[in-house]
Amino acid sequence: MAQVRVTVDGVNYADDVEPRTLLVHYLRERLGKTGTLVGCDTSNCGACTVHLNGQSVKSCSVLAVQADGGEVLTIEGLARDGKLHPMQEAFNEHHALQCGYCTPGMIMQAVDLLGDNPDPDEREVREGIEGNLCRCTGYQNIVRAVQSAAQKMKPGAAADTPAPASVAGGGN
Amino acid sequence: MTTTAEPTTTPSPEVGKARVRKEDARLITGRTRYTDAITPQGTLHIHVVRSPLAHAKVLGVDKSEAAASPGVIGVYTAADLGVESVGLPCAWPITPDMKAPQRPLLASSTVHFAGEGVAVVVARSAAEARDAADLVDVDYEELEPVLDMEAALAEGATLVHPDLGTNENATWVLDSGEAGTGGRIGDAIAAAEADPDSVVVKRRFRQQRLIPAFMEPRSCVVDPSGEQLTIYAATQVPHILRTMTTVTMGLNESKVRVIAPDVGGGFGGKIGVLPEEMLCVALANKLRRPVKWTETRSESMLAAHHGRDQIQDITITAKRDGTVTGLDVHLLADMGAYLGLVGPGVPILGAFMYNAIYKIPALKFSCTNVFTTKTLTDAYRGAGRPEATFAIERIMDELAVELGRDPMDLRKQNWIPHEEFPFTTVAGLTYDSGNYEQATAQAVEMFDYDGLRREQEERRRNNDPVQLGIGISTFTEMCGIAPSRLLGSLSYGAGGWEAASVRMLATGKVEVTTGASPHGQGHETAFSQIVADQLGVPFEDVEILHGDTQVSPKGLDTYGSRSLVVGGIAVVKAVDKVIAKARKIAAHLLEASEDDLEFADGTFTVRGTDKGKAIQEIAFAAFVAHDYPEDMEPSLDADAVYDPENFSYPHGTHLAAVEIDTETGRVHLRKYVCVDDVGTVINPLIVEGQVHGGLAQGIAQALFEEANYDEQGTLVNGTLVDYTLPSAADLPNFDTAVVSTPATSNPLGVKGVGEAGTIASTPAIVNGVLDALRHLGVRDIEMPTTSQRVWRAIQEAQGRSTQQTPVDTHSPGAGLGSIDPNNPQEEEVQ
Ligand code: FES
Ligand code: FES
C-alpha cells in the first residue's frame, strides 16, 4: 500500500492505495467522483480527463500516487458557488453533448485548451480536443461551444464570468 | 373558483423551438449515473475468461489457481452454474426453416469466436476478478476458423455448428414479380440483354464490418436484495431485456425490474440480451449478493456485437435514355458465430429500401445469412438501410458513368416526383409524403454544384495533383419501427407499438412516462415540448420519466428512429385522453355542455362567454374530488399505446466535395452539404445534432473504420488504437439544412431523424472519391477508402507496381487527425 495525499475539487484526502491504482479508479471508487468516466483501456478516448495541478491529464494514464501532494480538479468541481463554468454553459447552449459520456472529459480538455490558447480558431479547437473521442455529436457543436466559451471568457467580455486561469489554473 | 379568461397573448408554440436540453444540467456537471457508478453495498464483481481462439474445442478448464487468488469468491463454468442448456434469444426467425444454433452464456465444449466466454470469475473487486481471470487455465484444441462467407457456403466447408449441417442461416427473398408489386426481374434482365438500346450494369460492393463503439462500455448490476430482482443495465431496451431475461432464465416476469440509468450511447450496439447480463442474473440468484459486470473497451470491441459485413451483388438494368427498368440484389450477410437478438433480420430491414426514391418497375432482393467464426453482427445505426442506400446510390453513379450522364440528372429522371405522393413502391411500401425536388434544389444551391463541377473540370484539365470529386446521395429510409402487423408478417417476435402515460399531479404539474428509453437523443426535452403545446402547460412543468420498468412498465424501447415517430405519438394520444377527461370535468364545473367548450392554451372556455377553467384547476378538482361528474372516475390520468399504421420516410439530398491528393492518396473532405426532410421538426437544435452525429458515423464507414480479422480469426482492431474512430480533427464542419413535408401518417407530421445522416452519407463520400479518380482509370475502391487504398488504386490503374508496399490491415482506417503526411514536422503530439 502507498500513501496518497491529494486535494480533489477543494477537499483534502489522505488514503492508502495499492501502488498500481490509477487516478481515475481512485477518484471513482474511493472518492465517489463518478462524474469522471472511463471509456477505454488504451488512453485513447479522453473520457477520464481531469486537471492535475492545473493541466489536463487523462486520469487513466496517471497513477493515484503520482498525484500525491497535488491538486485535482474534476468536472464536479468546475462550477463555483452554484455557478456553471462558461464552458459548461456553452456546451448546454450549443447542444455540444448527446449521451454525455464524453462530456466531462471534453469540457475539462476544452477548459485546458483555452488556458493555453484563449482565442483558438476552428482548426486549433479541433486539434486541441482530438485526444477526446465523441461518438454522438460529430464534434461540430463541441467546436462551436468551445469557441463561444472563448469569446465569453475573454477579459472584459462579461463582468460576472470568472477568468479562465482562476477557475482552471489554465495550462500555463 | 372560476377564472376569467383574459385576452392573453398566445404563448409561442414549443414545437419548432430550439430549446436547449433539459437533460444537460446533470451531464455537464458530472452529476450522472451511468451503470458503472452503481455499486450497492456488498457488490461482487465478475470478469469473464474469454477464448483467444476463434474456433477450438475446450478440453479442460483448470480453475484452481484462480479460485485461490485473493478476494475470489468463485470461478464457474456453464456446468458449474447449471446453465449449459440456456440459450440467448433471437427474436427474429426470418424464415420458418431458419437454422439457429444455441448461443450459450459460456461456451462448454467448443468456442466459436475469439472473445467468447469460457468461465467467469467472481471476486470482491473488479481488479481482483480480472487478476484471477488471467490465472484460469483453459486447454484448447484448435479447430479451423471459418472466415470467408463464400468459402463457408461451399461444399465441404468446415462447419461453425456441425449439428446444423450447414453454415447457411437462412435465405430470405423479396420478389416484386411474386408479390405482385412489380414486374419480374428475370424478364427485365432478359429484355435489357436482348435490347441494344438498354444496358445491364453489375457491380459487387463490400460492406465492411463495423463496431458501434458507443463511448460507455456495457455494464450491468443485478441486485437480488428486494422482492424483485433489479437489473441496472447500460441498455437501449430495458423493457425487452426484462421480458427476455425472464424467458431466458425461466424467471417470473413480475419478479424482475430493469432500470436503464444514464446510458452512454448505443447506436444499435446496446439492443442485445447479453451473456454477461444473464451470468450476473444467475450469479446474483446463486450468491444472493449484488453482482456487477463492466466490460473493458477491449472486451467491448471483441465481444459486443458488430455491424454491417455484407457482400452485395447488384445488377441494374436501364434503357439508354436513362430509364431504370429493374434491380436485382443478392446479398451475403455475415452473422458471425451466433444470432443476435435481431441479427438475422438486419439485412431484411434493408430489403425494402433498395429501390429507394426511384420508380423501379422490377425488384428482386435475396439475402443469404452465413455463419462464420467471428463476433456476431446485429443492429448498428441504420441497420440494413445504410447498406441498401449505399448499394443503390453507388449503382446509380455507375449507371450514370455507363450512360455518360450527369449523375444528378439521372437521379432526377428516375425519382418519384412530388406530385405522385402517396406512392406505392415496387417493394410494396407506401411513401406518404416527400419532395425530392425541393431538398435537392436547396442542396445543389448551398453546395454550388455547378461551380464545383467547373473547378473539377479545370483540375482535370490541368492534371492537378489534387483532384476534386463530387459525391451525391439522394436517399430515403423507412423509420418509426414499426407497424406491428407488418412485423408479424416478417416473423418478427414482437410488435412495434409504443406506450405512454400522462399523470396530472395535484399541483398542476405533469408527469409523462414513455416506453422509449433514451441514451442521448434528448427525449426529455423534445417530449416536454410536445406535451407543453398539446396540454397548454409550461415546458418546465412537464417531467418525462423513462428507463425503469417500475416507472414506465410498458414499452418497446429505442431503435430504428422510432422514439418520436412512435413513442412521441403515443404521448400525444395519452394527452388527448387527458384532455377528453378534463373536458367532462370542466363542463361539469362550468355548468356548460361539453360541446360548448373550447380548449386552447391550457384553458377550457365556454364559447361566447368569459368563463373558463385552466387544466391545472381541473387537475386539482380531480385530485380533491369533491365535485365531479358521476359517470367518471376522479382522475385525468391516461395511458395510450400507439401502433403506427405505416413507416415514415424521411429523405434528403447529401453532397460531398472530396479532394484527393493523387500522390499520397490522402482523401480530404472539403465540403459536405445536406438538406434533409424529416417532416415536422420538434426541436431544430436536437435535429441538427442528430444529423451531425449520424454524418460522422456514416463518413467514418466511408473513410476510417473497419473491423478486420487475421487468418487465425483474431480481431486485429481490438482497441481504439487500431479501430480508428474519427476525432474532431478528422472531420469538417457540415453544412446542414432541413426542409419539411410533414408526414401524413401521424398527427405531428414527424418522420424521425436518428439514422438519416448515417444512412445517407457513406455513399456520398465514396461516390465523391471515385468521381475524383475515375478519369485516371480507377473503377472501385473498397471501404474504408483510406489513403493507402486510394493510392494503391491509382497506382494499379496507372499500371504501376505496388508490390513493395505491404498492405496494412491492422490499422486500415487511420484517421490521421492533425497529422499532415506532407508536413510531418508539424505533427502535434498530444
Ligand atoms: S479512459 Fe479512455 S483515455 Fe482514459
Ligand atoms: S455525447 Fe455521447 S460520446 Fe460525446
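Residues numbered from 1 in each chain as written. Chains lettered and ligands numbered in written order. Predicted model: local features only at pLDDT ≥ 70, side-chain atom pairs only at ≥ 80, totals over all residues. Heavy atoms only, no water.

Draft legend 1. The overall build of chain B, seen in detail. Counting its regular elements, chain B contains 22 helices and 29 strands. Its C-alpha radius of gyration of 28 Å places chain B within 12% of the 28 Å reference for a compact globule of 830 residues. Its C-alpha atoms give chain B principal-axis dimensions of about 90 × 75 × 60 Å. Counting only residues that meet the buried cut, chain B has 63% of its 830 residues in that class. Partitioning the contacts of chain B with sequence separation of at least 6, the portion at a separation of at least 24 is 79%. Side-chain charges of chain B comprise 69 positive and 113 negative groups, with the mean position of each set lying 1 Å from the other. (Helix = DSSP H or I, 4+ residues; strand = E, 2+ residues; numbered from the N terminus. Rg over C-alpha atoms; globule rule 2.2 N^0.38 Å. Buried < 20%, exposed > 50% of the residue type's maximum accessible area, 1.4 Å probe, protein only. Contact = heavy atoms within 4.5 Å. Lys, Arg positive; Asp, Glu negative; His and termini not counted. Charge placed at Lys NZ, Arg CZ, Asp CG, Glu CD.)

Draft legend 2. Seen up close, the sheet that holds strand 13 (residues 291-294) of chain B. Residue and element names in this part refer to chain B. With respect to topology, seven strands assemble into an open sheet ordered 4-6-2-13-10-11-12, the strand pairing being mixed. Because the sheet does not close on itself, it has two edges, and the strands there are strand 4 (72-76) and strand 12 (256-259). Averaged over all pairs of adjacent strands, the angle between their axes in this sheet comes to 20°, without regard to strand direction. Two strands pair when backbone bridges link them, and strand 11 (residues 229-233) and strand 12 are joined in this way by four bridges, in the parallel orientation. Counterpart to Ile231 in the pairing with strand 12 is Val258. (Pairing = 2+ DSSP bridges. Axes fitted to C-alpha atoms, helices over the stretch in contact; angles between N-to-C directions.)

Draft legend 3. How the structure looks around the pattern of salt bridges. Residue and element names in this part refer to chain B. Inspection of the entire model under this criterion finds 58 salt bridges over all chains. For Arg21, the salt bridge goes to Asp24, with nearest N and O atoms at 2.9 Å. In this structure, Glu477 and Arg385 form a salt bridge, with 3.9 Å as the shortest nitrogen-oxygen distance. Highlighted residues: Glu477 in the loop between strand 19 (466-476) and helix 16 (484-489) and Arg385 in helix 12 (residues 385-403), separated in sequence by 92 residues. For Glu477, a relative accessible area of 0% puts it in the buried group. Overall, Arg385 belongs to the buried group, its relative accessible area being 1%. One network of salt bridges, with partners in common, ties together Arg203, Arg394, Glu398, Arg774 and Asp780. (Salt bridge = Lys/Arg side-chain N within 4 Å of Asp/Glu carboxyl O.)

Draft legend 4. Representation of the packing of helix 8 (residues 238-249) of chain B against helix 9 (residues 275-287) of chain B. Residue and element names in this part refer to chain B. Between helix 8 and helix 9, whose axes approach to 11 Å, the crossing angle comes to 60°. In this view, helix 8 runs oblique relative to helix 9, as classed from their interaxial angle. In this structure, the crossing between helix 8 and helix 9 has a hand that is right-handed. Seen from helix 8, the contacting residues are Leu241, Thr245, Thr248 and Met249; seen from helix 9, they are Glu277, Met278, Val281 and Ala282. (Parallel < 35°, antiparallel > 145°, perpendicular 65-115°, else oblique. Left-handed = near helix turned anticlockwise from the far one by under 90°.)

Draft legend 5. Expanded view of the sheet that holds strand 20 (residues 498-504) of chain B. Residues and elements named next belong to chain B. Pairing is mixed across the open sheet formed by four strands, whose spatial order is 22-21-20-26. Strand pairing shows two members of the sheet lacking a second neighbour, strand 22 (542-545) and strand 26 (638-642), which therefore form its edges. Between one strand and the next, the sheet's axes are offset by a mean angle of 20°, whatever the strand orientation. When strand 20 meets strand 26, the two strands line up antiparallel, connected through five bridges. What sits directly across from Val502, in strand 26, is Ala638.

Draft legend 6. Representation of the UniProt feature "domain: Aldehyde oxidase/xanthine dehydrogenase a/b hammerhead" (unreviewed entry) in chain B in the model. UniProt feature "domain: Aldehyde oxidase/xanthine dehydrogenase a/b hammerhead" (unreviewed entry): in the numbering of this structure it lies at residues 29-144 of chain B. For residues 29-144 of chain B, helix accounts for 14% and strand for 29%, while the C-alpha atoms at its two ends are 51 Å apart. (UniProt positions renumbered as here; feature names shortened; annotations may be inferred.)

Draft legend 7. Local environment of the interface of chain B and chain A. Each partner contributes residues to the interface: chain B has 57 residues there, and chain A has 45 residues. Overall, the association of chain B and chain A removes approximately 4200 Å² of surface from exposure, summing both partners, and the carbon and sulfur fraction of that is 52%. Counting the surface chain B buries against chain A, the share from its top three residues, B:Ile28, B:Met215 and B:Ala728, is 17%. For the interface between chain B and chain A, the tally reads four salt bridges. For the salt bridge of A:Arg135 with B:Glu705, the shortest nitrogen-to-oxygen distance reads 2.6 Å. Between chain B and chain A we count 29 residue pairs in polar contact (both at pLDDT 80 or more) in total. Elements that contribute at least two residues to the side of chain B that touches chain A include exactly helix 1 (24-27), helix 4 (126-133), helix 10 (297-303) and helix 20 (684-703) of chain B. Examining the composition of the side of chain B that touches chain A, we find that nine residues originate from one element, helix 20 of chain B, more than from any other. (Buried area = accessible area lost by both parts, 1.4 Å probe. Polar contact = N/O pair within 3.5 Å; in protein donor to acceptor, adjacent residues only side chain to side chain.)

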